[in-house]
Amino acid sequence: MCGIAGIHAYLDVAPSVDRGELARMNLRMATRGPDGSGDWLSADGRVGFTHRRLAIIDLSERGAQPMHSADGALTITFNGEIYNYRELRAELEAKGCVFRSDSDTEVMLQLYEERGPAMVEALRGMFAFGLWDSRQRRLVLARDPLGIKPLYYSDDGWTVRFASQAKALLAGGAVSRDPDPAGIVGFHLLGSVPEPFTVWQGIRSVPAGATMIVDATGPHEPRQYYSVARSLARRAGEAKADAAGARAAMSAAVHDSVRHHLVADVPVAVFLSAGLDSGALLGTMAELGARDTLAVTLAFEEFRGAPLDEAPLAAEVAARYGARHVVRTVTRPEFERDLPAIFDAMDLPTIDGINTWFVAKAAHEAGIKVALSGLGADECFGGYPSFADVPRSVHWLQPFGWVPGLGAVARRAISSLGGARLGMHPKAAGLFEYGGSWPGAYLLRRSVYMPWELDDLLEPELLEEGLRRLAPLSRIAAELQAGRPLGDFDRVAALETSLYMRNQLLRDADWAGMAHSIEIRVPYVDPFFLAALPPGEVLAAVNAKEAVADIPAPPLPLASRARPKTGFVTPVGRWLREAAGAAQDVNFSTASRGWALRVWQTGWTSGLAPA
Amino acid sequence: MTIRILALVGDCYGAQGGIARYNQDLFEALADDGAEIVILPRLGDAAGLSLPRRIRQHPPIFGQLRFSVASLAAAWRHRPVNVVFCGHVFMAPLAWLLARLFGARYWLQAHGVDILPLGRGRMRRAVEAADLVTTVSRMTRRNLLERADVLPERVRVLPNTVRGLFAPGPPSEALRARLGLGPGPLLLTVGRLSASERYKGHELVFAALPALRAEFPDLVHVVAGDGDDRARLEQRARELAGDPAAVRFLGYVPEEELPSLYRLADLFVMPSSLEGFGIVYLEAAACGLRVVGGIGGGSADAIPDERVGVTVDPKDREALVAAVRRSLGQGRADQTAVEPYRQPHFAAAANKLLARLLSGAHRMKSIA
């Protein structure tokens, strides 16, 4: 779990790699890896890698990176964790491979030797890496299936550069800061920048679940080796168990995933809220034999003694499973003090991530390097209201789509009649236009602004060009391509997992966690785990989002189940609203609009030029 | 299997200029490796020329409709066609159509100035449908990606190459005497004197001459090239340079005589603001002549670093004077910086791009 970067001058006319540029990229990622720093430059000067290390597996110098294969032909700079590295290593050893270290990184080198870039399919974990294959003179870039670890690249036609952070690429000094209309429009629509775009035209994200080869002709198109929709479709085709069997399968899947996510040579903590998902993780950890686990909970002065205070319930869960409980109280002055650092760490504009910032900060203060998070449970168990709302919207409103133009007329009518004065959310005007299709209903559900509202915020040319390139509806629809129709639950799960979770939650967990040198592990975000769960319709039928409480033995306390799902109810929402300078009496979803603008104006509009 | 390429170009054999030259270099590199190429030009007649093996060129047809009909007929006659190569953005819709009709891959080459007015209609969509786009410079690639929604991986850079006749050598005193140039130093500019190419910046050099000649009294600006703007430029030279002897117009200089001119001169100066690539910079440097170019366009790609020369802001006269003064004291250009632009590197890169195009997925994107 670290920060990586590299440069490859692939055309003969390109100047050789500049060590100074590598060093500047490395420095920009200092908090990602405080335990070590390494550089490597190929003998001909055409490839250079750099690495910041947060040592978690094989703490010795033998685990240092960039790491070379025994014959020196392969070199890797790798960010992440491979949870099944011991199994893979045993397989390789059985075939005669000899290992020099106990690190997962070396397993990746030997696995590449055996299988080439397709080796990513065998990896269980979170990863982003650059691997130089000097025999074939090619650079392989790869990212984990669900997009937990980030990887950005920039190609100017002569030289390709990659890094864990977009801002590190800029810090190198050779990458253009021309704005990217698609990414900018995407942020204003959704509150996070949808990959593969960033807000800079010259920087793109390697897509989640993709590998990318760079040879003497430059980068090839990314090759997708994993798709959420396809894997859910495959799962839907499997035999359906009865309710008891389904619950057992769920429990076995969570146990297996947590067991894998505990692999570390340092203590593993847990971010504990009052919800079921993180409690189930802690309970499962205890059941698997983790003792004296540190559990970190955020609390806020404003909520002390109120039902919104998560600390008391979290304390009960922590006590039940014998965890050491740390309650970290965040105050408004601290939030305001941290804001400049938050904007600096925020790699791409986003309207979220503040809670993760503080819980990671608390974990760091407690001396922790690794923590499990319940992120992703809502996506796989159907915890969001969208699992009910989006299918309902599509089924009711589909007929309106049969009359072309009717939706747009309805939207204009509602807008001109002053929907806002009637207390309607501005987005409601789009219900008839968008609500009848899967991509439209999803966009309506997840958007901060709708496309027709952006006229007031963005330059007309940028908006038109951005919408054309972003093509939000077809981009959303593409995430439903599974080779066969998916059920309602799986459709929403595919959209939430490959859009909201990937572009918002996981990216925020990365920058906010790494800013405090905390590796956030997400056992609910794991293709092996997803594949082991029962089919989506069965999860819906057994009410998986509540059945989670019974996964650990002993199960979660009754009080946990009784607590209504509250969503985003930290006062951070209110602080953001006030920091954004919006009116007091608006609901959070419109408040996030003010915050979106504040983020954009503070962090990005000065020439798109963060330090 | 022999790869067959149908090439729609503005001009190639039997024509002058950088783009014709580039097309010849590219087709020869591909034909050397075994490809068969049929060239359909709009201008330039190859009749009477002996073309390299596996390369054929049809007579030029300028009219758009006749050209389209002729290209359809040629594609039919030469089928199967594996690749339709399009040498100019304006022909992209036709190239797209031919590739689609004949099941070929579609390779578009963009040179720089041709992509400026891309617009929003059919032309843009035809560019976006290309399987492979090559540009001569990084700047052209960036401009193209800004104007068209093409996957960046599909847009590759294939820089111009410098031919073998451009190589260092001793200066010819006989040439100096024949041209009556005096002891120098000699500043040299090579380029068309065309009213449509005033961005090349001849007048900026004229305007810098009084300041430079105050320091180097025998300095002469030698201008090679001809065109419809010559009379005006001669008039401007008289007005700006102060001394009629300060600028010497040579008219058109055939390519084979350029190397000796480069070897004789002391500095190549062309503060151009819009060069698609600027092959002349490289040719000068390949003969050992140090270069002062202009910031803008693709010049940065032909002047990669200080070993070859510098680029200055064409609007900044003092910077130009300072760059000339400094460069005159720096000796000849470093040949190691020119080596990657030599033909073997170009040919390898071109053939790898062809292989990449042929191995990629066969996509036939609709532009309707």
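Residues numbered from 1 in each chain as written. Chains lettered and ligands numbered in written order. Predicted model: local features only at pLDDT ≥ 70, side-chain atom pairs only at ≥ 80, totals over all residues.

**Observations concerning the overall build of chain A**
Heads up, the rule is: Helix and strand assignments come from DSSP, with helices taken as H or I runs of at least 4 residues and strands as E runs of at least 2, each series counted from the N terminus. The size measure is the radius of gyration over C-alpha atoms, and the globule rule it meets is 2.2 Å times the number of residues to the 0.38 power. Residue burial is a threshold on neighbouring C-beta atoms within 10 Å of the residue's own C-beta, all placed from the backbone, with 20 or more meaning buried, 12 or fewer meaning exposed, and counts in between meaning partly exposed.
The helix and strand inventory of chain A stands at 25 helices and 18 strands. Over its C-alpha atoms chain A spans a radius of gyration of 24 Å, differing by no more than 12% from the 25 Å that the globule rule assigns to 611 residues. With respect to the principal axes defined by its C-alpha atoms, chain A has extents near 70 × 60 × 55 Å. Scored against the burial criterion, the 611 residues of chain A give a buried share of 54%.

**Details of the interface of chain B and chain A**
What counts is decided by this rule: Two residues form a contact once the distance between their C-beta atoms, set from the backbone, is within 7 Å. Throughout this entry, Asp, Glu, Lys and Arg are counted as charged residues, while Ala, Val, Leu, Ile, Met, Phe, Trp, Tyr, Cys and Pro are counted as nonpolar. The remaining residues, Gly among them, count as polar.
Residue-level contacts link 21 residues of chain B with 19 residues of chain A. Going through the elements one at a time, α5 (138-147), β7 (155-157) and α13 (343-359) of chain B are the ones with two or more residues in the side of chain B that touches chain A. Its residues placed into classes, the side of chain B that touches chain A shows 10 nonpolar, one polar and 10 charged.

**Describing the sheet that holds strand β18 (residues 519-521) of chain A**
Strands belonging to one sheet form pairs held by backbone hydrogen bonds; the direction of such a pair is parallel or antiparallel. Residues and elements named next belong to chain A. Filter applied, for reference: A pair of strands is considered paired only if DSSP assigns at least 2 bridges between the two. For helices, the fitted line uses only the C-alpha atoms of the stretch in contact; every axis is such a line through C-alpha atoms, and the angle between N-to-C directions lies from 0 to 180 degrees.
The parallel open sheet is built from five strands, whose spatial order is β16-β15-β14-β17-β18. One side of each edge strand has no neighbouring strand; the edge strands of this open sheet are β16 (324-330) and β18. Geometrically, the sheet is characterised by an average inter-axis angle of 30 degrees between neighbouring strands, direction not taken into account. The pairing of strand β14 (residues 268-271) with strand β15 (residues 294-300) spans two bridges and is classified as parallel. Pairing of Val-270 across the sheet is with Ala-295, part of β15. Together, β14, β15 and β17 (370-372) form the strand contacts of helix α8 (residues 276-287), whose direction differs from that of β14 by roughly 155 degrees.

**Description of the packing of helix α7 (residues 202-215) of chain B against helix α12 (residues 317-328) of chain B**
In a pair of packed helices, the angle between the axes and the distance between the axes together describe the arrangement. Residues and elements named next belong to chain B. Inclusion rule: Orientation labels follow simple angle bins: below 35 degrees gives roughly parallel, above 145 gives roughly antiparallel, 65 to 115 gives roughly perpendicular, and whatever is left gives oblique. Each helix crossing is assigned a hand: it is left-handed if the near helix lies turned anticlockwise from the far helix by less than a right angle, otherwise right-handed if that turn is clockwise.
For the pair α7 and α12, the least separation of the axes is 9 Å and the interaxial angle reads 55 degrees. Taken together, the axis directions place α7 and α12 in an arrangement best described as oblique. Crossing handedness for the pair α7 and α12: right-handed. Residues Leu-204, Ala-207, Ala-208, Ala-211, Leu-212 and Glu-215 of α7 touch α12, and the partners they reach there are Arg-317, Leu-320, Val-321, Val-324 and Arg-325.

**So, the domain arrangement of chain B**
A common way to report how large an interface is uses the accessible area buried once the components associate. Residue and element names in this part refer to chain B. As a reminder, the rule being used: Domain boundaries shown here were taken from an automatic or database domain assignment.
On domain assignment, one finds that chain B holds domain 1 (4-161 + 343-359) and domain 2 (173-339). In this structure, domain 1 and domain 2 have C-alpha centres spaced 31 Å apart. Residue assignment for the side of domain 1 that touches domain 2 shows that the elements contributing at least two residues are α1 (18-32) and α5. In terms of residue count, the dominant contributor to the side of domain 1 that touches domain 2 is α5 (three residues). Class assignment for the residues of the side of domain 1 that touches domain 2 results in four nonpolar, six polar and two charged.

**What to know about the pairing of strand β4 (residues 83-86) of chain B**
If a strand is regular, its side chains alternate between the two faces of the sheet. Residue and element names in this part refer to chain B. Note the cut-off: Here the term right-handed applies to a crossover when the path leading from its first strand over the helix to its second strand runs clockwise, the strands being oriented away from the viewer.
Here β4 shows no split at all, with Val-83 and Phe-85 on one side and Val-84 and Cys-86 on the other all buried. Summarising the sheet, strand β1 (residues 4-11) and β4 pair through four bridges and their orientation is parallel. By the bridge assignment, Ile-5 is partnered in β4 with Val-83. The β-α-β motif built from β4, the intervening helix α3 (residues 92-102) and the parallel element strand β5 (residues 105-110) has right-handed crossover chirality.

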